[in-house]
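So you can see what is in the structure, the chains are spelled out below.
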Amino acid sequence: MQAIEERATDLKAKFSTVSDIIVALQDILVRSEVPIPDLETSYSQVTPPNTNYIDIELKDRTVINAVIVKRHRQLGAISQDISGLDTVMDGIKNLRQKLVEQEDRIFQSMTLHERLASTLWRLPPEVLSHIFMYCLPEEQYLSPAPRLAPMLLTRICRRWRDVAVATPGLWCRLFVDNDHSVWQPTAFTWLKRSRQYPLSLAVKFLAGCITNQRILLQPYLNQISSLFAYFPLYCTDTPFMLTELVALQELVIHNLDYNPALILWISQLPLTLRSLKMTGAWLNFEQLSSLNPTWPYLTSVHARILQESQVLLLLRLCPNLSSLTTRMRPGRQALVPCTHTRLQSFRITAPRTPDRCLPRLMNALLLPDLRVLEAINVTPWPHNEFKAFLARSRCPLEALIFGAGMTIKNDQRAEYIALIPSLEYIKYSSYHLV
């Protein structure tokens, strides 16, 4: 044992570095040969099934026993070599693991010092914060995915995390999920980092989540400037009233189901609202018009409206409207002429029915500031009524867009351009308005 320890001490002195050990091992492996013992005997060709062991003479048995003893010694020596080699290999594995750990520490140290030397590391926090804003996904509402900004930015290094957490603009857009058992703590942290910045939120209203949504959103209701509200079928509950959203400017209500509870909810629009989009139910603006004083402040509306007369009613209710997107049904009611001086964009989808609602609407409208007109499903195209509308409105129309298979003739195009020289863009599109 003492001899082994002395030998180990001598080896440590001789091979002071890992490189010395590697060179020595490589040299040993090159010069090493495993001797192959001669295992052949006069009995090696004996096949057991054909051997009569009774006929083996006593002297033969003595020789065979000697062979067996010799094989035991050889086997023991080989086993000892294998065991020793296993011990050496375990030592090499441990040595390799230590080298891997050392490599990792060296790499981290190198990365740290490279950061200190790099221009990016020396950027002021406000510049780095501005760059981070360009890392956000293009989606309007974000989810806290760990591999996407802004969550990803908090996992690069301590400095990036500090800058990202201190940049409220990174945390102002959020899709409020309903798997609150896992997701809600992250949402709390996300909204807290927004500080007092305006929030753009998408919320799916579900009956079983109303309480949790109320707890989550209550501290931030006065920051919500944009809200996408999704109503599953038959849902009538909401975690807050619209009048609580004192900073709300944009509201999108998706999959609206026509029921009294939701109509009452919509009727409580805050006076700060400027853009309103509703998809789903056909709306009766004669019912809604008397319920809310917000209409005069709206500048953009997207909604399904029951009849042409209610389109005119909406325009009267919203004197500051600059953009209107609507799908309408034909009506029988006589139309009272309407002039709207601020509408610049008018997108309309009409049903494919014999009742031609757009010509009636054209004859009743005067839009002196119209810049864009998009028409879907209006067949046949009311050429004479539209030409009269252009002559009457004398609007600075710039774009005329036809969708869903609609076309006009070249001579019609020429007549429009002659009436409105500013008309430079006439396009055919497959886009369908909601």
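Residues numbered from 1 in each chain as written. Predicted model: local features only at pLDDT ≥ 70, side-chain atom pairs only at ≥ 80, totals over all residues. Heavy atoms only, no water.

Q: Teacher, can you tell me more about a nonpolar patch on the surface here?
A: Taken together, the side chains of Ile21, Leu25, Ile28, Leu85, Val88, Met89 and Ile92 make up a nonpolar region of the molecular surface, amounting to roughly 550 Å² of accessible area. Elements represented by at least two residues in the nonpolar patch include exactly helix 2 (18–31) and helix 3 (58–117). Broken down by element, the nonpolar patch gets its largest block of residues, four residues, from helix 3. Here isoleucine 21 shows up in helix 2. (Patch = residues over 30% accessible without salt bridge, like charges linked within 9 Å, V, L, I, M, F, W, Y side chains within 5 Å. Areas by Shrake-Rupley, 256 points an atom, 1.4 Å probe, with all protein chains shown as cover. Salt bridge = Lys/Arg side-chain N within 4 Å of Asp/Glu carboxyl O. Helix = DSSP H or I, 4+ residues; strand = E, 2+ residues; numbered from the N terminus.)

Q: How do you make sense of helix 10 (residues 308–317) when you look at a structure like this?
A: Taken across its 10 residues, helix 10 has eight buried, putting it largely inside the fold. Within the span of helix 10, buried status applies to Glu308, Ser309, Gln310, Val311, Leu312, Leu314, Leu315 and Leu317. (Buried < 20%, exposed > 50% of the residue type's maximum accessible area, 1.4 Å probe, protein only.)

Q: I'm lost on the packing of helix 11 (residues 357–364) against helix 12 (residues 383–393) in this one. Help?
A: When two helices pack together, their arrangement is given by the angle between their axes and by how far apart the axes lie. At their nearest, the axes of helix 11 and helix 12 sit 9 Å apart, and the two run at 20° to each other. Regarding the angle of helix 11 to helix 12, the classification is roughly parallel. With respect to the hand of their crossing, helix 11 and helix 12 are arranged in left-handed fashion. Only Glu385, Phe386, Phe389 and Arg392 of helix 12 make contact with helix 11, whose side of the interface consists of Pro359, Met362 and Asn363. By residue class, the composition of the contact of helix 11 with helix 12 is four nonpolar, one polar and two charged. (Axes fitted to C-alpha atoms, helices over the stretch in contact; angles between N-to-C directions. Parallel < 35°, antiparallel > 145°, perpendicular 65-115°, else oblique. Left-handed = near helix turned anticlockwise from the far one by under 90°. Contact = heavy atoms within 4.5 Å. Nonpolar A, V, L, I, M, F, W, Y, C, P; charged D, E, K, R; others polar.)

Q: Explanation requested: the pattern of salt bridges in the structure shown.
A: It is possible for side chains bearing opposite charge to pair when their charged atoms get close. Evaluation of the coordinates by the stated rule reveals five salt bridges. Glutamate 415 is the salt-bridge partner of lysine 387, the closest N and O atoms lying 2.7 Å from each other. Of this pair, lysine 387 sits in helix 12 while glutamate 415 sits in helix 13 (residues 410–419), placing them 28 residues apart in sequence. When its relative accessible area of 28% is taken as the criterion, glutamate 415 is described as partly exposed.

Q: I would appreciate a short explanation of the pairing of strand 9 (residues 345–349) in the present structure.
A: Side-chain positions along a regular strand alternate between the two faces of the sheet. When you tally the buried positions in strand 9, you get four out of five residues, the bulk of the element. Strand direction decides the pairing type here: strand 9 and strand 11 (residues 372–376), joined by five bridges, are parallel. In the strand pairing of strand 11, threonine 349 is matched with isoleucine 376. (Pairing = 2+ DSSP bridges.)

Q: Just to check I follow, could you spell out the nonpolar core for this structure?
A: Nonpolar side chains in soluble globular proteins tend to be buried together. Leu227, Phe346, Trp381 and Phe386 are the most contacted members of the largest nonpolar core, which has 91 residues in total. When near neighbours in sequence (up to four residues on either side) are disregarded, tryptophan 381 contacts Arg356, Leu358, Ala375, Phe386, Phe402, Met406, Ile408 and Tyr416. (Core = buried A, V, L, I, M, F, W, Y, C linked by side-chain atoms within 4.5 Å.)

Q: Where do I start with the side chain of serine 194 in this structure?
A: Relative to the elements of secondary structure, serine 194 occurs in the loop between helix 6 (180–193) and strand 2 (199–204). With a relative accessible area of 0%, serine 194 lands in the buried category. For serine 194, the side chain forms a polar contact with the main-chain oxygen of leucine 191, separated by 2.5 Å. Not counting chain neighbours up to four residues away, the residues in contact with serine 194 comprise Pro168, Trp171, Cys172, Leu199 and Gln223. (Polar contact = N/O pair within 3.5 Å; in protein donor to acceptor, adjacent residues only side chain to side chain.)

Q: Would you mind showing me how to read unusual backbone geometry here?
A: Where the residue is not glycine, phi is negative for most of them; where a peptide bond is considered, it is trans in most cases. In this structure, proline 150 follows alanine 149 across a cis peptide bond, with omega equal to 5°. With phi around 55°, arginine 195 is a residue other than glycine that occupies positive phi space. Along the chain, arginine 195 turns up in the loop between helix 6 and strand 2. One non-glycine residue, asparagine 377, lies in the positive phi region at around 65°. Among the structural elements, asparagine 377 can be located in the loop between strand 11 and helix 12.

Q: Explain the packing of aromatic side chains to me, please; I cannot follow it from the model alone.
A: The description of an aromatic ring pair uses the distance of the two centres, along with the angle that the planes make with each other. This structure, assessed with the given rule, holds seven aromatic pairs. Grouping aromatic residues by their ring pairs yields a cluster made of Trp381, Phe386, Phe389, Phe402 and Tyr416. The positively charged end of arginine 193 is found above the aromatic ring belonging to tryptophan 171, 4.7 Å away from the centroid. (Phe/Tyr/Trp six-rings, centres within 6.5 Å; stacked < 30°, edge-to-face > 60°. Lys NZ or Arg CZ within 6 Å of the ring centre and 35° of its normal.)

Q: It is not clear to me how the packing of helix 10 against helix 11 should be interpreted in this structure. Could you clarify?
A: Across the interface, helix 10 lies against helix 11 with an axial gap of 10 Å and an inter-helix angle of 35°. Remark: the crossing between helix 10 and helix 11 carries right-handed chirality. In contact with Glu308, Val311 and Leu312 of helix 10, helix 11 contributes Cys357, Arg360, Leu361 and Ala364. Along the lines of polarity and charge, the residues of the contact of helix 10 with helix 11 split into five nonpolar, no polar and two charged.

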